[in-house]
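Topology and contacts: notes
As a plain string of letters, each chain reads:
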Amino acid sequence: MPKKEIDLAYKIEHLSILDEDGELDSDLEPDISDDLLVKMHRTMLLTRRFDERMLTLQRQGKMGTFAPIKGQEASQIGAAAVLKEKDWLAPSFREMAAEVWRGKSMENILLVYAGFNEGGLIPDESHTLPVCIPVATQVPHAAGLAYAIKFKKEENVVMVFHGDGATSEGDFHEGLNFAAVFQTPTVFVCQNNQWAISVPRSRQTHSKTLAQKALAYGMPGIQVDGNDILAVYSAAKDAVERARSGDGPTLIECITYRMSVHTTADDPSEYRDEEEVKEWEKRDPITRFQKYLKQKDLLSDEDIDNLEEEIKSDIKDVVQSWEEKMEDLGDPTDMFTYQYAELPPHLVAQKEEFEAMLSKKE
Amino acid sequence: MGKMNMVEAINLALKQEMEKDGDVIVLGEDVGVDGGVFRVTEGLLDAYGEERVIDTPLAESMIAGASVGMAIHGLKPVCEIQFSGFSYISFHQMEAHAARYRARTQGRFGIQMVLRCPYGGGVRALEHHSESREAYYAHTPGLKTVIPSGPRKARALLVSAIRDPDPVIFYEPKAAYRAFREEVPEDEETFPIGESEIVREGKDITFITYGAMLQRTLDAADTLQEEDGVEAEVIDLLTVSPMDDQKFTESVRKTGHVVIVHEAHRSFGPGAEMAARLVEKSFLYLEAPIRRVTGYDVVIPLYQREKDYIPDVKRILHGARETLEF
């Protein structure tokens, strides 16, 4: 009865293709069309600036609490860029960049954070799920949705985003386990941004990596430099292809950094060192990608200047259109509308009670 | 079809709905090969295969959460939580998502799913196997909470629940699973969710009850008739939420006396809501204080003391007589 090593079928690798100095490992360089590269860059820059604008709007009191994405653009867009339109994306609450990539209306994003339920509308054709606030609870949805896809013999996949903190939650475990047992076409993309509000990654788990958690479920896991959009894209592409061809789920851990606050209600100076933030600024996903695009002659400084102007104007339009939309909203009886497919009698009565109050003069 | 017990009747509803609609799937712990610990899902695996009758890993939050995901993509999951005492782990998924998804997405995704769980005492089980905490669900906007009392209604209501476009919590009184048989028609039968039923007419006192408490309330009503000459009206609530208050508030206008009977804890229980509706809608007709005969506000004891916790005919009669003599 010898003691012997058990072969777990998968090993954990770390993937980096484009380092922080813009050095490229050309053997690993993914084949991405020029158009797609340019679009990825534009969306990274757009969402960075939009995020900054949202922070200003929040500080001005025009918008409520939200969770900024600054620093995580590559981890989000690199992964989402692999998806086809009919694939599904299940975000948590810090994936604005991925949502915008998927075509989510920026006006609606602003509406939700300005406290209007109307912004939650998911258009009929969209396969991007709403923001999910309770940590990790979207993970089982992605597993179940992917089960339904497999059941219907469709070829789409589900990509679900979650953070490092989520890996401590039961729903993370239960969702990955279900996906692996039933070999559903699910891709789990962990945004390991090092901090769950004030709690560092080292307090979430004693594991060396988050990617290795995949091994316990019998699925492949990979750790990538999450600020390297080529590495994220490459790992996501492998995972999506595996899922699409019926070979089950994958966990991708993107090593990235939350360069801003947890939410606008948070003050990180209470718990983390400014030096750490400065270190990560050197690894900024956007400047790194710009170096790569310049080397490929797909981008010049002049292009960047023009793009910044264009984005500024786009965001201005979005903000203006959002402000106009808010003027038209404000039928508060809407709160009753979508509780059930059909309003039950007690809610009909409560709605009438509320309408009567509205029509009453002080 | 002949006479069936509640287990067979629920099984019939599942079979017929699965036969009729290929999107209906059943998932849960031991629901496949084992046919469910109470045999409610017996035979479904053989008839519909393991893609539609899923023995899941032991994870209640995932069972509910994966069902939400399935419903987003058009399946109609009927998931089983083995005992309602374990459903609190699923509660978060039901509250945070199943109940809210329609509103969150402004109508795009309604979560058409049923969460079935056996609840209540009566089977000499371990701790966590005997509770009656439907109030948790009934308190949650966006959910519907249904509790049948006998085989025929269980079948009809489950069919309605499966077809309902909103998430339905379907609490099955395990004490009534095999307690008695009823004629259950072979032909399709539904019963509207959100509607109660007058199961015994009377003019002197109104009983409002549901689930496993219906039979003993009917027994108490018979005793009142025989021993006191009192004609009791008995209303079977059937859906706890949204609550149909029309029949019971009207009934009390006629009788002036009311006793609410449920197995759930008294404070903040469904009876408290019924009492509030009675005061709001039939206050001037009440001739005596509203009486609640319920489980006490204690952790339900193990089965040797369970009969002391759960209302029995003696307690129901005592409550009724005190009310009548007020």
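Remember, predicted model here, so these are calculated numbers, not experimental data.

With that out of the way, let us pick up unusual backbone geometry. Trans is the prevailing form of peptide bonds, just as negative phi is the prevailing case for residues other than glycine. Cis geometry marks the peptide bond from B:Ser241 to B:Pro242, where omega comes out at -5°. Phi at A:Ile197 is positive, roughly 50°, even though this residue is not glycine. A positive phi angle, near 75°, is found at B:His128, a position not held by glycine. Take B:His128: it is sitting in the loop between β5 (114–119) and α6 (134–138). Residue classification places B:His128 among the partly exposed positions, given a relative accessible area of 42%.

Our focus in this paragraph is the confidence of the model for chain B. Per-residue confidence for chain B gives a mean pLDDT of 97, with 100% of residues at or over 70. In the predicted assembly, ipTM is 0.96 and pTM is 0.97.

Moving on, we come to the interface of chain A and chain B. Between chain A and chain B, the contact holds 41 residues from the first and 44 residues from the second. Here chain A meets chain B over a buried area of about 3400 Å², counting both sides, of which 64% is carbon and sulfur. For chain A, the biggest contributors to the area lost against chain B are A:Phe151, A:Tyr338 and A:Tyr340; these three give 20% of the whole. Along the contact surface separating chain A from chain B lie 0 salt bridges. Across the contact surface, chain A and chain B share 18 residue pairs in polar contact (both at pLDDT 80 or more). Top contributing element to the side of chain A that touches chain B by residue count: helix α5 (residues 138–151) of chain A, with 8 residues. Its residues assigned to classes, the side of chain A that touches chain B shows 22 nonpolar, 10 polar and 9 charged.

Calculation notes
Residues numbered from 1 in each chain as written. Chains lettered and ligands numbered in written order. Predicted model: local features only at pLDDT ≥ 70, side-chain atom pairs only at ≥ 80, totals over all residues. Heavy atoms only, no water. Helix = DSSP H or I, 4+ residues; strand = E, 2+ residues; numbered from the N terminus. Buried < 20%, exposed > 50% of the residue type's maximum accessible area, 1.4 Å probe, protein only. pLDDT = per-residue confidence, 0-100. Contact = heavy atoms within 4.5 Å. Buried area = accessible area lost by both parts, 1.4 Å probe. Salt bridge = Lys/Arg side-chain N within 4 Å of Asp/Glu carboxyl O. Polar contact = N/O pair within 3.5 Å; in protein donor to acceptor, adjacent residues only side chain to side chain. Nonpolar A, V, L, I, M, F, W, Y, C, P; charged D, E, K, R; others polar.

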